[in-house]
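These are the residues of each chain, in order.
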Amino acid sequence: MDRTGAVDVHYPDTGGARAALVVGGAPTFPSILQERVCWLDDVAAYEPGSFYKRELPAIRAVLAGVEPVELLVVDGYVDLDPAGRPGLGAHVHAELGLPVIGVAKTAFRTATHAAEVRRGGAAKPLYVTAAGLPLATAAAYVLRMGGAYRLPDALRRVDALARGRA
C-alpha cells in the first residue's frame, strides 16, 4: 500500500466542521506526501449512537479531489464490540470500500476486542480496531508509525490540522 490516509474532523463551537487529511507513503507514514483541509459550513447535529452520520460527509469531502488512498486511519473505533457493532470505521469501510484502521485514545467499555498498542514508553495504550485487514496487521502498523510519542506523528498532525492549530 503506497498511499495511506489519516483523517480527522473537528467541530468548532461556532458551527461547521474542519476535516483534515494527511497522506503517507506507506501504512507506517514514513513520509508525508500530502495534506488537505476542507471546511464544511453545514453539518448534521450530533446524534448519540450515530456519530458516523456527522463524520462521513466531512471525510468524503476531504478525500474528494485527491489521488485515492489504499488504506484509511480514523480517530476512533471501527467496531464497538466483539460482535461487530459498527463504529465510525465500519461505516467508512462500508461506504468507501477501503481497509480502515481505527485508533482510539480512550477505552470503550464494550470494545474488549481492540488491540492495545503501547508506543513511546507510554503506560496508557492506544486501542486499535480494523476492517478489511487483520487486526494484528493494523496493530503492527500503528506500533511502527513514525514518532516517538504515544500518538503517532501523522495522527498528531492530522488532529492539529483539523483543529486549525497547524
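In this report, we go over the structure that sits alongside the text. (Residues numbered from 1 in each chain as written. Predicted model: local features only at pLDDT ≥ 70, side-chain atom pairs only at ≥ 80, totals over all residues. Heavy atoms only, no water.)

1. Observations regarding the layout of surface pockets
A probe as big as a water molecule, rolled over the atoms, marks out the empty space that is left. Computed from the structure, the largest pocket encloses a volume of approximately 540 Å³. Elements with a contribution of two residues or more to the lining of the largest pocket: helix H1 (51-63) and helix H2 (88-96). Here the residues of the lining of the largest pocket sort into 11 nonpolar, six polar and three charged. (1 Å grid on protein atoms, 1.4 Å probe; cavity = no way out; pocket = protein on both sides within 12 Å on 5 of 7 lines; lining within 4 Å. Points joined across faces, edges and corners; volume = space filled by probe spheres on them. Helix = DSSP H or I, 4+ residues; strand = E, 2+ residues; numbered from the N terminus. Nonpolar A, V, L, I, M, F, W, Y, C, P; charged D, E, K, R; others polar.)

2. Focus on the environment of Phe 51
As for its position among the elements, Phe 51 is in helix H1. For Phe 51, a relative accessible area of 33% gives the class partly exposed. In this structure the C-alpha to C-alpha distance between Phe 51 and Asp 81, which are 30 residues apart in sequence, comes to 16 Å. Apart from residues lying up to four places away in sequence, Phe 51 is in contact with Tyr 11 and Tyr 46. (Buried < 20%, exposed > 50% of the residue type's maximum accessible area, 1.4 Å probe, protein only. Contact = heavy atoms within 4.5 Å.)

3. Quick notes on H2
The set of residues buried in H2 consists of Leu 88, Gly 89, Ala 90, His 91 and Val 92. Check the buried side of H2 and you find it contacts H1, strand S4 (71-75) and strand S5 (100-104). Positive backbone phi, at 70 degrees, marks Gly 97, one or two positions downstream of H2.

4. As for the sheet that holds strand S1 (residues 4-10)
Strand order in the open sheet formed by seven strands is S3-S2-S1-S4-S5-S7-S6, and the pairing between neighbours is mixed. Unpaired on one side and paired on the other, strand S3 (32-40) and strand S6 (115-117) mark the two borders of the sheet. Pairs of neighbouring strands in the sheet enclose a mean axial angle of 25 degrees, with direction left out of account. Pairing of S4 with S5, which is carried by four bridges, proceeds in the parallel orientation. Note that in S5 the partner of Val 73 across the bridge is Ile 101. The strands touched by helix H3 (residues 135-144) are S4, S5, S6 and strand S7 (126-131); relative to S7, the strand with the most contacts, the crossing angle is about 135 degrees. Against the sheet, helix H4 (residues 153-162) touches S1, strand S2 (17-24), S3, S4 and S5, its axis set at about 150 degrees to S2. (Pairing = 2+ DSSP bridges. Axes fitted to C-alpha atoms, helices over the stretch in contact; angles between N-to-C directions.)

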